[in-house]
Amino acid sequence: MKNLSKHLFVINCLLLISGPGNAQRLMENLSRGVVAINQGGGKVYVGWRLLGTEPADIPFNLYRTTGSSKAVKLNSQPITQSTNFVDQDVDLSQPISYVVKAVLNGKEQAASEPFTLVANVPAQPYLTIPLQTPAGYAPNDASAADLDGDGNYDLVLHQAGRGRDNGSAGMSDAPILEGYKLDGTLLWRINLGKNIREGAHYTQFMVYDLDGDGRAEVACKTADGTIDGQGKVIGDSSKHWVRADGKILDGPEFFTIFDGKTGATLATTDYIPSRYPTDGWGGIGGNGGTDNNGNRVDRFLACVAYLDGKLPSVVMCRGYYGRTVLAAWDWRGSKLTSRWVFDSKDKPGFSGMGNHNLTVADVDGDGKDEIVYGSMVVDDTGQGLFTTKLRHGDALHVTDLDPSRPGLEAWGIHENEEKVPGYENGYGAALYDARTGEIIWGTFPGKDVGRGVADDIDPDNPGGEMWWSGSDGLYDAKGKRIGSSPPSTNFLCWWDGDLTRELLDGNHIDKYQNGAPAVRLLTATDCSSNNGSKSTPALSADLFGDWREEVIFRTNDNKSLRIYTTTIPTEHRLYTLMHDPQYRLSIAWQNVGYNQPPHTSFHIGAGMKMPPKPNIITKLR
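Residues numbered from 1 in each chain as written. Predicted model: local features only at pLDDT ≥ 70, side-chain atom pairs only at ≥ 80, totals over all residues. Heavy atoms only, no water.

Student: Sorry, what's going on with the UniProt feature "domain: Rhamnogalacturonan I lyase beta-sheet" (unreviewed entry) in the protein chain here?
Tutor: The positions UniProt marks with the feature "domain: Rhamnogalacturonan I lyase beta-sheet" (unreviewed entry) are residues 26–115. Split by type, residues 26–115 is 0% helix and 46% strand. Its first and last C-alpha atoms lie 27 Å apart. (UniProt positions renumbered as here; feature names shortened; annotations may be inferred. Helix = DSSP H or I, 4+ residues; strand = E, 2+ residues; numbered from the N terminus.)

Okay, here's the thing in structure tokens:
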């Protein structure tokens, strides 16, 4: 059982911090995250984190130990320009280890945990995580968090069997969640059971340290027959609520918090809201109307948000084509309590504004998070902040896309092919002000646009760029066409040495070139993407090394995950992206619905201003 007195001490200390201007979010106390990769030819790439609690210019020393010999410092002068290093002429016939020491006020600090390369390690840009995949299953979406409090990221993996879309009849397999260390150690397995249907819109799992004790919890919807990581059954295992058509429209629905280290059930309560009435979830979205066959009622989303600006809350959501309900929960001191419930049926104009995804950001600058739910935003208080009336869509990107404007912008694509009074001229793709909902520009009125992406991929254009399926090129934040269309409209990744972002699609990463073919930077051979035509990775996140992102793919035989990490040196130094709250929360929701790439709360790109130091504190070990 977790140390309750420690919880309460930390929470009480946080509550003493008054005013949103002074509020500091409690975030993960990460290790240095050293990683070393054999590049071949006697070269080893080494990367490590700059933590969000450190001075931006803090120097580092890097040490290598070969076999049983004494450690050797590799840098003649403290490293100040970056947080990576290429070691030359390395003898890899013996095991070698690397440690990093920060230098504060001229004095070396404690050494990082060592990263060790075994003798004759092959030259390959990835780490392998062996899995214990159940028969008939395949690794699907993953989430990263520190499950055991050692400062390093672990993974929670959704093992998916036979799945079904909400609109389709047919039986599915029980969804399975597994906790893994990065060395392949299986910590636990949770079987959500026969009364939870498998599919992209059903099982949204949140992995985050919700109570500030240094270890993450896992939160998700459960039902009769769910088996936790210690073999304990939730509800009544004898109940079988699956209909002959495979739909589940009866029986209790639960919301459960699990211990991230053991998989044990910590708390279970009724899921808010209930499904009833099952035909009461229609609306004006791109697929308006209603049904009574489990399509619209069983559309789920979820996220984590700092609703008080200090500690995270988990928000479980139901519905987006029509009626939409968001239920915010707090897990504090081993007690689960409801913070607020937002229900669009009580908010004129807010129904039908949800996406197949969502994001979390402090759109109004008050130090607390809002939930950007596609074409509407819900305030940290649980009140509707605004609706754009752009209706339902499949993709959403929120960051500082236009640095010349204050605040954040939201780019999304929409399904507006169905004519609805008052909505006939809705845009199929549009950019809006994330604080006010003002539509900055839009295009493709009355169309169903399938995909859309936004970020800075062109160094010759200040700020971010936008493109979408069917667009005739690349557009800037003012709505002006500035270049040729990128070759993919899917995911993104910071991979090479510059500040613009790369294109991640399927099992490869490409560099956009305006007016020329993209340059292939990585092909993950013998690996597959997930989620059919969505072609998304298991996870893309800044898991270790410097600020650039790692990408996780499953191997074709479903027996392993591979974490690909860049070995391209960079002269740019940024805090680990995982200490930017918006980015970190993006990793928590990345597994939800139609997966979207994470974004930061500030602009990253060519000519960018240096971002401010994160206003955070980290947990004590």
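Once you've had a look at it, read on.
Student: Just checking my understanding: could you explain the nonpolar core for this structure?
Tutor: Judged by nonpolar contacts, the single largest core of 52 residues is most densely connected at Val44, Tyr98, Leu117, Leu539 and Leu543. At 4 residues, the largest contribution of residues to this core is made by strand E7 (residues 96–104). If sequence neighbours within four positions are ignored, Val44 has contacts with Ala36, Ile37, Asn38, Gln39, Phe85, Val86, Asp87, Val90, Leu92, Ile96, Tyr98 and Leu117. (Core = buried A, V, L, I, M, F, W, Y, C linked by side-chain atoms within 4.5 Å. Buried < 20%, exposed > 50% of the residue type's maximum accessible area, 1.4 Å probe, protein only. Contact = heavy atoms within 4.5 Å.)

Student: Which parts of the structure should I look at to understand helix H2 (residues 581–589)?
Tutor: Turn by turn, an α-helix covers 3.6 residues, leaving residues three or four places apart pointing in a common direction. Most of H2 is tucked away, with 9 of its 9 residues classed as buried. Restricting attention to buried positions, one finds in H2 the residues Pro581, Gln582, Tyr583, Arg584, Leu585, Ser586, Ile587, Ala588 and Trp589.

Student: Quick question: what am I supposed to make of the pairing of strand E3 (residues 43–47) here?
Tutor: Looking along a regular strand, one sees side chains alternate from face to face of the sheet. Summarising burial for E3: 4 of the 5 residues are buried, a large majority. For strand E2 (residues 35–40) and E3, the ladder comprises 5 bridges, and the chain directions are antiparallel. Considered in E3, the bridge of Ala36 is made with Val46. Taking the residues between adjacent antiparallel strands as the criterion, E2 and E3 are bridged by 2 residues, where Gly41 takes a positive phi near 65°. Pairing of E3 with strand E6 (residues 84–87) involves 4 bridges; the strand directions are antiparallel. Residue pairing across strands places Val46 opposite Phe85, the latter belonging to E6. (Pairing = 2+ DSSP bridges.)

Student: Help me out: how do you make sense of the pattern of salt bridges in this one?
Tutor: If charged atoms from side chains of opposite charge come close, those side chains can pair. Counted by the stated rule, this structure contains 34 salt bridges. Between Lys345 and Asp346 there is a salt bridge, with its nearest N and O atoms 3.4 Å apart. Assigned by exposure class, Lys345 and Asp346 land together as exposed. The closest approach of N and O atoms between Asp433 and Arg405, which form a salt bridge, is 3.1 Å. Placement of Asp433 in strand E31 (residues 429–433) and of Arg405 in the loop between strand E29 (395–399) and strand E30 (409–413) is noted, with a sequence separation of 28 residues between them. You can call Asp433 buried: its relative accessible area is 8%. Residue Arg405 is classed as buried on the basis of its relative accessible area, which comes to 18%. Each of Lys221, Glu253, Arg275, Asp298 and Arg318 takes part in one network of salt bridges that share partners. (Salt bridge = Lys/Arg side-chain N within 4 Å of Asp/Glu carboxyl O.)

Student: Even after reading the chapter, I still don't get the packing of aromatic side chains, so can you show me in this structure?
Tutor: Given two aromatic rings, one states the distance between the centres and the angle between the planes to describe the pair. A complete count under the given rule lists 15 aromatic pairs for this structure. Note on Tyr126 and Tyr564: the rings are 5.0 Å apart at their centroids and 50° apart in plane angle, and the pair reads as tilted. Highlighted residues: Tyr126 in strand E10 (residues 126–130) and Tyr564 in strand E44 (residues 560–564), separated in sequence by 438 residues. Note on Tyr564: relative accessible area 2%, which makes it buried. Ring geometry for Phe444 against Trp468: centres 5.9 Å apart, planes inclined by 85°, an arrangement best described as edge-to-face. Of the two residues, Phe444 is situated in the loop between strand E32 (439–443) and strand E33 (452–455) and Trp468 in strand E34 (residues 465–468); the sequence distance between them amounts to 24 residues. Looking at Trp468, the relative accessible area reads 4%, which means it is buried. Taken together, Trp411, Trp441, Phe444, Trp468 and Tyr475 form an aromatic cluster joined through their ring pairs. (Phe/Tyr/Trp six-rings, centres within 6.5 Å; stacked < 30°, edge-to-face > 60°.)

Student: What exactly am I supposed to notice about the sheet that holds strand E35 (residues 474–476) here?
Tutor: By way of backbone hydrogen bonds, the strands of a sheet pair with one another, either parallel or antiparallel. Read from one edge of the open sheet, 4 strands run E33-E34-E35-E36, paired in antiparallel fashion. With one partner strand each, in any of the chains shown, E33 and strand E36 (481–483) form the two edges of the open sheet. Recorded for the sheet is a direction-independent mean angle of 35° between the axes of neighbouring strands. Bridge analysis of E35 against E36 gives 2 bridges, and the strand direction is antiparallel. Note on E36: the bridge partner recorded for Tyr475 is Arg481. (Axes fitted to C-alpha atoms, helices over the stretch in contact; angles between N-to-C directions.)

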